[in-house]
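Here is what each chain is made of, one letter per residue.
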Amino acid sequence: KRSLELPPENYLWTEILGRRIYYSLDTFFQANLYILPSFIERLRALDIWGKNSVFFDLYGGVGLFGLCVYDLVDKVVLIEAVPASLKLAKYNAAYHQLSQFIIEEGRVEDILPGKLALMTQTNNIVMVDPPRAGLSPQTVEMLNGVSNTNYLIYLSCNPQSLVENCWSLKDRWEIHKILPVDFFPRTQHLETLVILRSKT
């Protein structure tokens, strides 16, 4: 821990599909580096991406998912509240010189309302990777009301909160695909990727 106190050239990093991703043990990061490239390949292979799309990466952490799909979309908008994660997200975007990688600092519940007007003008893909408690009722309400958004990607480490949130999203969204991923071998924990498709 405290690796962010080191000079940037000594930050921890991993390489995924040829792209270096910087992270820290002071931040949340997908822990199983061995399986991560295969997971990213499956994410990129989804038939949902488009060069006219804006990818909204909510609870975006150090920018892992936005960095890995950046070339598949027109723009990435990352929202994150944790200072250490924000520091690395900014570093990752600068390191790769990504001019269309927008980082918004703050809670999703506070930042997303100001982006809803923008979302009426673009073709959006939204991804959420929330804490174990899942999405707040306020966030669920906003996701049920977003415009011009055909797909919602939900990555969860807690099947119980995932089911509860999907139930609350069912009037607007339908489950298109489910991909369970054993990020934590020999434990009771399971990561689950759910692709939801808009009903409207």
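This structure is a prediction, so every number in the text was calculated from the model and none was measured.

## Let's talk about the overall build of the protein
Then comes step 1: Each helix and strand counted, the protein has six helices and nine strands in total.
Then comes step 2: In summary, the protein has a C-alpha radius of gyration of 16 Å against a globular reference of 16 Å for 200 residues, a match within 12%.
Then comes step 3: In terms of its C-alpha atoms, the protein occupies a principal-axis envelope of roughly 50 × 40 × 30 Å.
Then comes step 4: Among the 200 residues that make up the protein, the fraction classed as buried is 53%.
Then comes step 5: Sequence separation of 24 or more characterises 65% of the internal contacts of the protein that already satisfy a separation of 6 or more.
Then comes step 6: Accessible surface for the protein amounts to roughly 9900 Å². Of this, 51% is attributable to carbon and sulfur atoms.
Then comes step 7: Looking at charge distribution, the protein has the averaged site of its 19 positive side-chain charges lying 2 Å from that of its 21 negative ones.

## Side note on the sheet that holds strand β8 (residues 173–181)
Then comes step 1: Taken together, seven strands build an open sheet; the order of strands is β5-β4-β3-β6-β7-β9-β8 and the sheet is mixed. Two strands lie at the open edges of the sheet, namely β5 (101–105) and β8, each paired on one side alone. Geometrically, the sheet is characterised by an average inter-axis angle of 15 degrees between neighbouring strands, direction not taken into account.
Then comes step 2: Strand direction decides the pairing type here: strand β3 (residues 53–58) and strand β6 (residues 123–128), joined by six bridges, are parallel. Paired with Asp57 across the two strands is Met127, which belongs to β6.
Then comes step 3: Docked against the sheet, helix α3 (residues 83–95) engages β4 (75–80) and β5, running at close to 165 degrees with respect to β5.

## Considering the layout of surface pockets
In this approach a probe as big as a water molecule rolls over the atoms, and the regions it shows empty are the leftover space.
Then comes step 1: Space inside the largest pocket adds up to approximately 430 Å³.
Then comes step 2: Along the walls of the largest pocket sit 27 residues, with Phe28, Tyr59, Gly61, Glu80 and Asp129 positioned nearest its centre.
Then comes step 3: Every element with two or more residues in the lining of the largest pocket is listed here: α2 (64–69), β4 and α4 (108–119).

## Topic: the pattern of salt bridges
Then comes step 1: Under the definition given, this model contains seven salt bridges.
Then comes step 2: Linking Lys115 and Glu104 is a salt bridge whose minimum nitrogen-to-oxygen distance equals 2.7 Å. Here the residue Lys115 occupies a position in helix α4, and Glu104 occupies one in strand β5, the gap between them amounting to 11 residues.
Then comes step 3: For the salt bridge of Asp171 with Lys170, the shortest nitrogen-to-oxygen distance reads 3.5 Å.
Then comes step 4: Classification of Asp171 by relative accessible area gives exposed; the value is 66%.
Then comes step 5: In this structure Lys170 comes out as partly exposed when scored by relative accessible area, which is 31%.
Then comes step 6: Three or more residues joined by partner-sharing salt bridges are found here, namely Arg107, Glu109 and Asp110.

## Considering the packing of aromatic side chains
Then comes step 1: Counted according to the given criterion, the structure contains 10 aromatic pairs.
Then comes step 2: Seen from their ring centres, Tyr22 and Tyr95 are 5.1 Å apart, and the 70 degrees between their planes marks the pair as edge-to-face. Taken as a pair, Tyr22 in strand β2 (residues 19–23) and Tyr95 in helix α3 lie far apart in primary sequence, 73 residues in all.
Then comes step 3: Between the aromatic rings of Tyr70 and Phe101, the centroid separation amounts to 6.4 Å while the plane-to-plane angle is 35 degrees, which identifies the pairing as tilted. Taken as a pair, Tyr70 in the loop between α2 and β4 and Phe101 in strand β5 lie far apart in primary sequence, 31 residues in all.
Then comes step 4: Residue class for Tyr70 comes out buried when judged on its relative accessible area of 16%.
Then comes step 5: Within the aromatic cluster, the residues linked to one another by ring pairs are Tyr11, Tyr22, Tyr91 and Tyr95.
Then comes step 6: Geometry around Trp167 places Lys170 over its ring, the cationic atom sitting 4.7 Å from the centre.
Then comes step 7: Above the face of the Trp173 ring, Arg172 is positioned so that its terminal group lies 4.5 Å from the ring centre.

## Things to note about unusual backbone geometry
Then comes step 1: For Leu17, which is not glycine, the phi dihedral falls at a positive 50 degrees.
Then comes step 2: Mapping Leu17 onto the fold places it in the loop between β1 (12–16) and β2.
Then comes step 3: What makes Leu17 partly exposed here is its relative accessible area of 46%.
Then comes step 4: Of note, Gln97 is a non-glycine position whose phi angle comes to about 55 degrees, a positive value.

Cut-off values and rules
- Residues numbered from 1 in each chain as written.
- Predicted model: local features only at pLDDT ≥ 70, side-chain atom pairs only at ≥ 80, totals over all residues.
- Heavy atoms only, no water.
- Helix = DSSP H or I, 4+ residues; strand = E, 2+ residues; numbered from the N terminus.
- Rg over C-alpha atoms; globule rule 2.2 N^0.38 Å.
- Buried < 20%, exposed > 50% of the residue type's maximum accessible area, 1.4 Å probe, protein only.
- Contact = heavy atoms within 4.5 Å.
- Areas by Shrake-Rupley, 256 points an atom, 1.4 Å probe, with all protein chains shown as cover.
- Lys, Arg positive; Asp, Glu negative; His and termini not counted.
- Charge placed at Lys NZ, Arg CZ, Asp CG, Glu CD.
- Pairing = 2+ DSSP bridges.
- Axes fitted to C-alpha atoms, helices over the stretch in contact; angles between N-to-C directions.
- 1 Å grid on protein atoms, 1.4 Å probe; cavity = no way out; pocket = protein on both sides within 12 Å on 5 of 7 lines; lining within 4 Å.
- Points joined across faces, edges and corners; volume = space filled by probe spheres on them.
- Salt bridge = Lys/Arg side-chain N within 4 Å of Asp/Glu carboxyl O.
- Phe/Tyr/Trp six-rings, centres within 6.5 Å; stacked < 30°, edge-to-face > 60°.
- Lys NZ or Arg CZ within 6 Å of the ring centre and 35° of its normal.

Remember that the coordinates give geometry; whether it matters functionally is a separate question.
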